[in-house]
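Overview (structure and organization)
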Amino acid sequence: MYGSSAELPSDSDRTAFRKAEKKYKLYKTTAPKSRKKQIQTVDLSEVYDFRSVLQTFEQESRTPPGIFKLRSDFHLPVFCFEDRPGFYFIPGALSIEEQSHWIGESLTSFPQPPNRTNHNAIYGSIHDLFIAVQSGKVLTRAQNTVVDAQHDLHSGQDNLDACKWTFSEESESIPKRDSCNSIVASTLLRKLRWSTLGLQFDWSKRNYDVSLPHNKIPDALCRLAKKLAAPAMPVGEEFQPEAAIVNYFGSGDMLGGHLDDMEADWSKPIVSISLGCKAIFLLGGKSREETPVAMLLRSGDIVLMAGQARECFHGVPRIFTDEENAEVSILASQFSCKDDRCLAEYIRTSRININIRQVN
Ligand SMILES: O=C(O)CCC(=O)C(=O)O
Ligand SMILES: [Fe+2]
């Protein structure tokens with residue numbers, strides 16, 4: 001389901017969903033006579049922009065054909081597609097302060113054990129990755145533990161604490177440029193692809209592994225998700241956040257078309273929070289053959305998928321990391337103090353998505 005634009009699957013090339021992914025994904029070309037890579041422009045004429053939908057609604061009390069404003073007592077306008085029941089879009093739902101808070105949490109506290117990340121499989125549990133980035137550290141494998149590490153890898157276990165990967169000052173990392181035995185903390189942060197909160201999702205089994213140690217979803221995130229889920233909840237019920245997946249996207253990263261069908265009750269929404277660089281989201285139908293609708297996702301936008309929308313393929317074929325299109329400079333300027341420099345640097349060219357789920 002995850003990938004970079006260079007390595008997309010080729011077997012499903014002919015489906016309508018795949019065609020849309022190809023249309024919007026990042027292509028770089030080299031201009032003749034120059035070695036500089038150029039980003040090919042993308043045609044956004046068929047991409048819905050809910051910020052302008054909101055503006056038009058506020059100024060003229062009307063919505064474009066095929067879109068309506070939900071009648072609800074939610075404190076913000078919620079928009080829906082007439083032909084995609086169960087899908088809700090709340091443009092600009094989070095303030096700049098809330099966005100910067102959740103970006104900070106996503107990079108500092110969410111990847112902390114017992115939460116798992118994509119790095120667990122190679123390095124075991126990593127503590128305080130972000131602090132290591134701020135202090136320019138390097139994750140280094142102690143030489144005499146290589147045999148243990150290989151043994152663990154072959155036994156298929158992904159907790160490689162036996163390898164003793166530990167952070168050290170850059171100057172202490174021996175040998176200096178041994179890529180098998182050391183990796184710079186900032187590179188690890190760049191390569192962070194996901195972290196899981198609450199009940200831990202097992203990507204190999206594509207299910208929740210309730211036997212894995214886990215913390216509850218942090219209270220503040222729980223409160224936020226309950227509030228945001230309200231427009232999509234069955235009457236009289238309250239959303240119970242039990243798990244969250246945090247996706248981290250860099251330039252060229254994409255999230256291929258997929259379904260999220262491992263939760264028991266599809267009448268409950270997935271609450272999906274966008275942070276950082278602007279992206280294109282595709283919402284397809286129940287088969288990959290149906291042509292998806294494309295829409296822009298900006299920092300602070302919320303998407304809810306419940307009921308029939310839970311059965312619809314969706315994905316993120318593109319994030320915009322160039323200054324002109326990322327629309328992230330005001331957000332990055334929130335992180336102006338010295339300690340926040342790494343956050344600003346990260347978010348200028350990255351997108352974070354936090355999606356919160358009720359599992360049972
Ligand atoms: O990044 C997004 O906006 C969507 C994420 C998603 O669909 C997922 O994690 O299942
Ligand atoms: Fe999803």
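First, a word on scope: everything that follows refers to the structure included in this document. Keep in mind the model is a prediction, meaning the values are calculated, not measured. (Residues numbered from 1 in each chain as written. Chains lettered and ligands numbered in written order. Predicted model: local features only at pLDDT ≥ 70, side-chain atom pairs only at ≥ 80, totals over all residues. Heavy atoms only, no water.)

Glancing now at the overall build of the chain. A count of helical and extended segments in the chain gives 11 helices and 22 strands. The 360 residues of the chain split such that 51% are buried. For the chain, the proportion of contacts with a sequence separation of at least 24, taken over those separated by at least 6, is 74%. (Helix = DSSP H or I, 4+ residues; strand = E, 2+ residues; numbered from the N terminus. Buried < 20%, exposed > 50% of the residue type's maximum accessible area, 1.4 Å probe, protein only. Contact = heavy atoms within 4.5 Å.)

Another aspect to go through is unusual backbone geometry. The step from Pro113 to Pro114 runs through a cis peptide bond, and the omega angle for that step is 10°. Looking at the element boundaries, Pro114 is found in the loop between α3 (96-108) and β8 (116-117). Positive phi is not limited to glycine here, since Ser61 has a value of about 50°. By secondary structure assignment, the location of Ser61 is in the loop between α2 (50-60) and β5 (67-69). Non-glycine residue Asp128 carries a positive phi angle of around 55°. Here Asp128 is to be found in the loop between α4 (120-123) and α5 (129-134). Asp128 gets classed as partly exposed once you look at its relative accessible area, which sits at 34%.

This brings us to the packing of aromatic side chains. Applying the stated criterion across every chain, the model contains 12 aromatic pairs. Seen from their ring centres, Tyr123 and Trp165 are 4.8 Å apart, and the 85° between their planes marks the pair as edge-to-face. Of the two residues, Tyr123 sits in helix α4 while Trp165 sits in strand β10 (residues 165-168), which places them 42 residues apart along the sequence. With respect to burial, Tyr123 and Trp165 carry one shared label: buried. With 4.9 Å between their ring centres and 75° between their planes, Phe201 and Trp203 make a pair best called edge-to-face. When its relative accessible area of 4% is taken as the criterion, Phe201 is described as buried. Across from the ring centre of Phe320, 5.3 Å away, lies the NZ or CZ of Lys278, which sits over that ring. (Phe/Tyr/Trp six-rings, centres within 6.5 Å; stacked < 30°, edge-to-face > 60°. Lys NZ or Arg CZ within 6 Å of the ring centre and 35° of its normal.)

Looking at the metal site, the iron ion (ligand 2) is ligated by His258 (NE2), Asp260 (OD) and His314 (NE2), spaced 2.1 to 2.2 Å from it. The motif formed by the donor residues of the iron ion (ligand 2), counted along the single chain, is H-x1-D-x53-H. Of the two residues, His258 sits in strand β16 (residues 253-258) while His314 sits in strand β21 (residues 314-319), which places them 56 residues apart along the sequence. Here the two residues His258 and His314 agree in accessibility, since each one is buried. (Donors = N, O, S within 2.8 Å, 3.2 Å for Na, K, Ca; no water.)

When you tally the buried positions in strand β19 (residues 293-297), you get five out of five residues, the bulk of the element. Pairing of strand β4 (residues 47-48) with β19, which is carried by two bridges, proceeds in the parallel orientation. Bridge assignment links Tyr48 to a residue of β19, and that residue is Met295. Examined bridge by bridge, strand β18 (residues 279-283) and β19 share five bridges and lie antiparallel to one another. Each bridged residue has a counterpart across the sheet, and for Phe281 the counterpart in β19 is Met295. (Pairing = 2+ DSSP bridges.)

What follows deals with the nonpolar core. Judged by nonpolar contacts, the single largest core of 81 residues is most densely connected at Phe87, Ile273, Ile352 and Ile354. Ignoring any residue separated from it by four or fewer positions in sequence, one finds Ile354 in contact with Trp102, Ser106, Phe110, Leu221, Ile245, Val246, Val271, Ser272, Ile273 and Leu275. Counting 10 residues, the second largest nonpolar core, distinct from the first, contains Tyr24, Val47, Ala294 and Phe313. (Core = buried A, V, L, I, M, F, W, Y, C linked by side-chain atoms within 4.5 Å.)

Summarising the element assignment, Pro241 is placed in the loop between α8 (219-229) and β15 (243-249). Sequence-wise, Pro241 and Arg223 are 18 residues apart; in three dimensions their C-alpha atoms are separated by 8.9 Å. Not counting chain neighbours up to four residues away, the residues in contact with Pro241 comprise Ile217, Cys222, Ala225, Lys226, Ile356 and Arg357.

Below, the discussion takes up the site of ligand 1. The local shell around ligand 1 consists of Asn247, Phe249, Leu255, His258, Asp260, Leu297, His314, Val316, Arg351, Asn353, Asn355 and Arg357. One nitrogen or oxygen atom from the side chain of Arg351 is found 2.8 Å from an oxygen atom belonging to ligand 1. Between Arg357 and ligand 1, the recorded distance is 3.2 Å, taken from a side-chain N or O atom to an oxygen atom. Its free accessible area being 300 Å², ligand 1 has 97% of it covered by the protein chains. Taken together, the elements giving at least two residues each to the shell around ligand 1 come down to β15, β16, β21 and β22 (351-357). Split into classes, the residues belonging to the shell around ligand 1 amount to four nonpolar, five polar and three charged. (Near = heavy atom within 4 Å. Polar contact = N/O pair within 3.5 Å; in protein donor to acceptor, adjacent residues only side chain to side chain. Areas by Shrake-Rupley, 256 points an atom, 1.4 Å probe, with all protein chains shown as cover. Nonpolar A, V, L, I, M, F, W, Y, C, P; charged D, E, K, R; others polar.)

On inspection of all chains with the given rule, the structure shows 19 salt bridges. The salt bridge involving Arg298 is made with Asp49; its shortest N-O contact spans 2.8 Å. Of the two residues, Arg298 sits in the loop between β19 and β20 (302-305) while Asp49 sits in the loop between β4 and α2, which places them 249 residues apart along the sequence. Its relative accessible area of 21% is what places Asp49 among the partly exposed residues. Between Arg62 and Glu60 there is a salt bridge; the shortest N-O distance is 2.8 Å. What emerges from the salt-bridge pattern is a single network uniting Asp49, Arg51, Lys278, Arg298 and Glu327. (Salt bridge = Lys/Arg side-chain N within 4 Å of Asp/Glu carboxyl O.)

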